[in-house]
Amino acid sequence: MAKNIAEIDDEYGKHFEYDEVFFITGATKEEIEADFDTFWEIGVDYGKPQPEPPTWEESIEAQVMYTALVTDTLLEEEE
């Protein structure tokens, strides 16, 4: 996908400069054109490293903490 397309005529001759993103999708050309901005953001984020999912220990700890907070049973840490 490309946007901000500008025709430039300089010492190198005529050429185009533009912003470009790339991604793989099963969407049709019509679907992309109908929602260009959303697909552009998909392209911007495509290939960026995704955060690692939490370990099972981190998930359990978060669930225990949440339960303690909503049930008002959070214990104070002893020093």
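To be clear, the structure that these remarks concern was listed above.
Residues numbered from 1 in each chain as written. Predicted model: local features only at pLDDT ≥ 70, side-chain atom pairs only at ≥ 80, totals over all residues. Heavy atoms only, no water.

Caption draft 1: Quick look at the overall build of the protein chain. Of regular secondary structure, the protein chain possesses three helices and two strands. In the protein chain, the succession of helices and strands from N to C terminus is β-β-α-α-α. The C-alpha atoms of the protein chain give 24 Å as radius of gyration, which overshoots the globular expectation for 79 residues (12 Å, by more than 25%). Across its three principal axes, the protein chain shows a C-alpha extent of roughly 75 × 35 × 20 Å. A buried classification covers 9% of the 79 residues belonging to the protein chain. Surface summary for the protein chain: the accessible area is close to 7300 Å², and the carbon and sulfur share equals 54%. Taking the 4 positively charged and 23 negatively charged side chains of the protein chain as two groups, their mean positions are separated by 19 Å. (Helix = DSSP H or I, 4+ residues; strand = E, 2+ residues; numbered from the N terminus. Rg over C-alpha atoms; globule rule 2.2 N^0.38 Å. Buried < 20%, exposed > 50% of the residue type's maximum accessible area, 1.4 Å probe, protein only. Areas by Shrake-Rupley, 256 points an atom, 1.4 Å probe, with all protein chains shown as cover. Lys, Arg positive; Asp, Glu negative; His and termini not counted. Charge placed at Lys NZ, Arg CZ, Asp CG, Glu CD.)

Caption draft 2: How the structure looks around the pattern of salt bridges. Within this structure, the stated rule accounts for three salt bridges. With a shortest N-O distance of 3.9 Å, K29 and E33 are connected by a salt bridge. Here K29 pairs with E33, and both are found in helix α1 (residues 29–34), just four residues apart, close to one helical turn. Residue K29 is classed as exposed on the basis of its relative accessible area of 57%. As a salt-bridge pair, K48 and D45 come within 3.5 Å of each other at their nearest N and O atoms. (Salt bridge = Lys/Arg side-chain N within 4 Å of Asp/Glu carboxyl O.)

Caption draft 3: Spatial organisation of unusual backbone geometry. Residues other than glycine seldom take positive phi values, yet N4 does so here, at roughly 55 degrees. With phi around 55 degrees, D72 is a residue other than glycine that occupies positive phi space. If you trace the backbone, D72 turns up in the segment after α3 (56–70). Assessed through its relative accessible area of 72%, D72 is described here as exposed.

Caption draft 4: Focus on the pairing of strand β2 (residues 13–20). Pairing analysis gives seven bridges linking strand β1 (residues 2–10) to β2, with the strands arranged antiparallel. Across the sheet, the residue bridging to D10 is G13, located in β2. (Pairing = 2+ DSSP bridges.)

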